[in-house]
Amino acid sequence: MFEGLKKAFQKLSNTIKDKVEYKELKEDDVEEVLEDLKLDMIENDVAFDVAENIIENVKKELIGYKVKRGESVEDVIKDSLKNSIMKLMEYENNDIITKIKNKCSKNEPFVIVFLGINGVGKTTTIAKFSNVLKKNNISVVIAGADTFRAGAQEQIDVHAKRLDIPIIKGQYGGDPASVAYNAILYAKSRGICTVLIDTAGRMHSDVDLMEELKKIIRVTKPDMKVLVVDALTGNDAVEQARLFNDNIGIDAIIITKIDADVKGGVAISVSSITKKPIIYLGYGQSYEDLKKFDPKEYVNNLFD
Ligand SMILES: Nc1nc2c(ncn2[C@@H]2O[C@H](COP(=O)(O)OP(=O)(O)OP(=O)(O)O)[C@@H](O)[C@H]2O)c(=O)[nH]1
């Protein structure tokens, strides 16, 4: 995972280590290598503005820094980079499980709408998250509100059956907002704690589908709107995050297919551009393959 960015950071440390030993870091020491690093980052799915921001912060920190005797230049540079990247990923991220439990204790269901374009892994992610809830003894109902794509209802139904979770389905071509609303009524009448709403994948450019999504949100008044993006789509994922956030407004992000991501920059970009927290990473196709996002762990992994 993330070999692209790992190599870029490794290369930088080695180059600077060769250039500088025990002295004050000058612009000449770092300018060229940091510019190279910026290009490497952009190649590895860090959005241009974001890469520029990171490099500017690192430059400010490093130029004029007096490397102490016994201090490793490599560590100074790595720490500066780590801190700069981490700052872009740390947004308020109160534990979602706690939030659900709090609302449930007031006898109200916590409603989450999952958004994203076709094939990013939304349905699989809902199944994985249902599994997390089950393990925490939190009850859940799924709303199959993708009444648009042929096969979508059957696909989510298979997951619900396997996980033994109730599901409210709709007719193809039917109103997805009404499916979602029925699922909320179902949850309220049975004291179910969570409603997870699967929506049809849509492009930002698809005005009808975007309007449909806005209607689902008006009708269901969700506690959270979670955007699901696929790490393998690189800059497209970043663009989707920007557009869904501008058009609909999102509260959190889940990134899927991290297991196959050889670059590593998508998480840095989507979080920095939307200023919304990443809450989970999907790293495989089984129900267990959903991991809570920890910015510190993510960044440390890039420097392993
Ligand atoms: N390797 C890997 N594959 C994943 C992951 N998450 C989902 N997938 C696969 O990605 C494919 C698409 O997933 P779906 O859940 O059907 O995607 P979707 O976004 O619901 O698609 P639509 O229903 O078309 O909107 C499936 O083959 C999943 O098994 C992941 O974290 N890692």
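Being a predicted model, the structure only gives us computed values, none of them experimental.

About the cut-offs
Residues numbered from 1 in each chain as written. Predicted model: local features only at pLDDT ≥ 70, side-chain atom pairs only at ≥ 80, totals over all residues. Heavy atoms only, no water. Axes fitted to C-alpha atoms, helices over the stretch in contact; angles between N-to-C directions. Helix = DSSP H or I, 4+ residues; strand = E, 2+ residues; numbered from the N terminus. Parallel < 35°, antiparallel > 145°, perpendicular 65-115°, else oblique. Left-handed = near helix turned anticlockwise from the far one by under 90°. Contact = heavy atoms within 4.5 Å. Nonpolar A, V, L, I, M, F, W, Y, C, P; charged D, E, K, R; others polar. Domains from an automatic or database assignment. Buried area = accessible area lost by both parts, 1.4 Å probe. Salt bridge = Lys/Arg side-chain N within 4 Å of Asp/Glu carboxyl O. Buried < 20%, exposed > 50% of the residue type's maximum accessible area, 1.4 Å probe, protein only. Pairing = 2+ DSSP bridges. Phe/Tyr/Trp six-rings, centres within 6.5 Å; stacked < 30°, edge-to-face > 60°. Near = heavy atom within 4 Å. Polar contact = N/O pair within 3.5 Å; in protein donor to acceptor, adjacent residues only side chain to side chain. Areas by Shrake-Rupley, 256 points an atom, 1.4 Å probe, with all protein chains shown as cover.

K.L.:
Help me get a handle on the packing of helix 6 (residues 122-135) against helix 7 (residues 152-163), residues and values and all.
P.N.:
Packed helices, taken two at a time, are described by the angle between their axes plus the distance between the axes. Put simply, helix 6 and helix 7 touch, their axes get as near as 10 Å, and they point 20° apart. When the axes of helix 6 and helix 7 are compared, the pair comes out roughly parallel. Once helix 6 is placed against helix 7, the crossing between them reads as right-handed. Where helix 6 approaches helix 7, its residues T123, T124, I126, A127, S130, N131 and K134 are matched on the opposing element by Q155, I156, H159 and L163. When its residues are assigned to classes, the contact of helix 6 with helix 7 shows 4 nonpolar, 6 polar and 1 charged.

K.L.:
Please provide a residue-by-residue account of the domain arrangement of the protein, values included.
P.N.:
Segmenting the protein into domains produces domain 1 (3-87) and domain 2 (96-292). Its C-alpha centre places domain 1 at a distance of 37 Å from the equivalent point of domain 2. The interface of domain 1 with domain 2 comprises 11 residues on the first partner and 14 residues on the second. Buried area between domain 1 and domain 2, summed over both chains or domains, comes out near 970 Å², and the portion from carbon and sulfur atoms is 53%. Where domain 1 meets domain 2, there are 1 salt bridge. The partner of D45 in a salt bridge is K263, with the nearest N and O atoms 4.0 Å apart. Sorting the residues of the side of domain 1 that touches domain 2 by element identifies helix 1 (3-19) and helix 3 (48-62) as the ones contributing at least two each. At 3 residues, the largest contribution of residues to the side of domain 1 that touches domain 2 is made by helix 1. A per-class count over the side of domain 1 that touches domain 2 returns 6 nonpolar, 2 polar and 3 charged.

K.L.:
Give me the pairing of strand 6 (residues 252-256): which residues, what numbers.
P.N.:
A large share of strand 6 lies buried, amounting to 5 of its 5 residues. Side chains of strand 6 alternate between two faces, with A252, I254 and T256 and I253 and I255 buried alike. The pairing of strand 5 (residues 224-230) with strand 6 spans 5 bridges and is parallel. Opposite V229, over in strand 6, you have I255 as the bridge partner.

K.L.:
Report on the packing of aromatic side chains, specifying residues and quantitative values.
P.N.:
Under the definition given, this model contains 4 aromatic pairs. Both rings, one in F2 and one in Y298, keep their centres 5.0 Å apart while their planes meet at 50°; by these two values the pair is tilted. Here F2, found in the segment before helix 1, pairs with Y298, found in helix 12 (residues 295-302); they are 296 residues apart in sequence, far enough to count as distant. An aromatic cluster of three or more residues is present, and its members are F2, F293 and Y298.

K.L.:
Kindly report on the site of the ligand, identifying the contributing residues and their values.
P.N.:
As a structural note, the neighbourhood of the ligand is formed by 19 residues, with T123, T124, R149, Q155 and Q285 the closest of them. Here an oxygen atom of the ligand sits 2.9 Å away from a polar atom, N or O, in the main chain of G121. Its free accessible area being 660 Å², the ligand has 81% of it covered by the protein chains. The leading source of residues in the shell around the ligand is helix 6, at 4 residues.

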